[in-house]
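# Examining the three-dimensional arrangement
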Amino acid sequence: MTFLVGLKLFKLLQVLFISGIKFLFAPLISIGYGFNYIQTLLITAVGGILGIFFFYFLSRWIIVQYNRFSPAIYSYFTGVKIEKSRKILSREKKIKRKFTRKNKLIINVRNKYGFAGIIMFTPVLLSIPLGAFLARKYYSGRNHTLIYMSISVVLWSFFISSIIFLF
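The rules we used
- Residues numbered from 1 in each chain as written.
- Predicted model: local features only at pLDDT ≥ 70, side-chain atom pairs only at ≥ 80, totals over all residues.
- Heavy atoms only, no water.
- Helix = DSSP H or I, 4+ residues; strand = E, 2+ residues; numbered from the N terminus.
- Buried < 20%, exposed > 50% of the residue type's maximum accessible area, 1.4 Å probe, protein only.
- Contact = heavy atoms within 4.5 Å.
- Areas by Shrake-Rupley, 256 points an atom, 1.4 Å probe, with all protein chains shown as cover.
- Expected span 1.5 Å × (residues − 1).
- pLDDT = per-residue confidence, 0-100.
- Axes fitted to C-alpha atoms, helices over the stretch in contact; angles between N-to-C directions.
- Parallel < 35°, antiparallel > 145°, perpendicular 65-115°, else oblique.
- Left-handed = near helix turned anticlockwise from the far one by under 90°.
- Nonpolar A, V, L, I, M, F, W, Y, C, P; charged D, E, K, R; others polar.
- Phe/Tyr/Trp six-rings, centres within 6.5 Å; stacked < 30°, edge-to-face > 60°.
- Patch = residues over 30% accessible without salt bridge, like charges linked within 9 Å, V, L, I, M, F, W, Y side chains within 5 Å.
- Salt bridge = Lys/Arg side-chain N within 4 Å of Asp/Glu carboxyl O.

Now for the overall build of the protein chain. Within the protein chain, the regular secondary structure consists of 7 helices and 0 strands. Going from N to C terminus, the protein chain has its helices and strands arranged as α-α-α-α-α-α-α. Counting only residues that meet the buried cut, the protein chain has 34% of its 167 residues in that class. Intrachain contacts of the protein chain at a sequence separation of at least 6 include 69% that bridge at least 24 residues. Looking at the protein chain as shown, the accessible area adds up to about 11400 Å², and 68% of this sits on carbon and sulfur atoms.

A word on helix 6 (residues 128-139). Between its first and last C-alpha, helix 6 extends 15 Å over 12 residues, near the 16 Å set by a 1.5 Å rise per residue. Within helix 6, burial applies to Ile128, Gly131, Ala132, Leu134, Ala135, Arg136 and Tyr139.

Moving on, we come to the confidence of the model for the protein chain. When pLDDT is averaged along the protein chain, the result is 84; 88% of the residues meet or exceed 70. Across the protein chain, the secondary-structure element scoring lowest on mean pLDDT is helix 4 (residues 82-91), at 65, and the one scoring highest is helix 7 (residues 145-166), at 93.

On to the packing of helix 5 (residues 101-126) against helix 6. As a packed pair, helix 5 and helix 6 sit with axes 9 Å apart at the nearest point and diverge in direction by 115°. Classified by the angle their axes make, helix 5 and helix 6 are roughly perpendicular. The two elements helix 5 and helix 6 meet at a crossing, and its hand is left-handed. Across the interface between the two elements, Lys102, Ile106, Arg110, Gly114, Phe115, Ile118, Thr122, Pro123 and Leu126 of helix 5 pack against Ile128, Leu130, Gly131, Ala132, Leu134, Ala135, Tyr138 and Tyr139 of helix 6. Split into classes, the residues belonging to the contact of helix 5 with helix 6 amount to 12 nonpolar, 3 polar and 2 charged.

Another point: the packing of aromatic side chains. Applying the stated criterion across every chain yields a total of 7 aromatic pairs. Judged by centre distance (5.4 Å) and plane angle (85°), the ring pair of Tyr37 and Phe165 falls under edge-to-face. Here the residue Tyr37 occupies a position in helix 3 (residues 37-78), and Phe165 occupies one in helix 7, the gap between them amounting to 128 residues. Between the aromatic rings of Trp156 and Phe159, the centroid separation amounts to 5.7 Å while the plane-to-plane angle is 80°, which identifies the pairing as edge-to-face. Remark: Phe159 and Trp156 occur in helix 7; sequence separation between them is 3 residues, near one turn of the helix. The class of Trp156 is partly exposed, set by a relative accessible area of 24%. By way of ring pairs, the aromatic residues Phe53, Tyr56 and Phe57 are connected into one cluster.

What follows concerns unusual backbone geometry. Unlike most non-glycine residues, Ser127 shows phi in positive territory, near 95°. In this fold, Ser127 is placed in the loop between helix 5 and helix 6. The backbone phi angle of His144 is positive, close to 65°, even though this residue is not glycine. Here His144 shows up in the loop between helix 6 and helix 7. Accessibility expressed as a relative area gives 49% for His144, which makes it partly exposed.

Take a nonpolar patch on the surface next. On the surface, Phe3, Leu4, Leu7 and Phe10 cluster together into a nonpolar patch covering about 440 Å² of accessible area. Among the residues examined, Leu7 registers a relative accessible area of 33% and is labelled partly exposed.

Encoded structure:
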């Protein structure tokens, strides 16, 4: 009996984890594990919200660390002193990036839809870690960003779970 409870708990944790990373697949996996509609709805919504909070605050730490250590890394590889590399990095033009399909999608969503687009498309198109990072980087000054992202996850969880259970 305890083995079955442990197995059910392990499946629940897997669905929570997948919901926090790639939300679109979580309801399918939840149904495959035998969870009913309400359980699927709750597990995927809670997992998505936990993922948003985790990656939103992790993004802040990553951005701070990047800004802190990029002059030191630049000076290490170029041989320029750290003080001079800070000046160079602050003036240096952005390196022209190679555009991939995913980069184009991110830019199009941000330019066409802005804050609302990031909120709406994070769970299904962008993935929760990427959407949380973009929200933190570009819209961290806005009030209630995490609340809007959480509402989006709950709505998508309801929508995707309902469609899967209907078909």
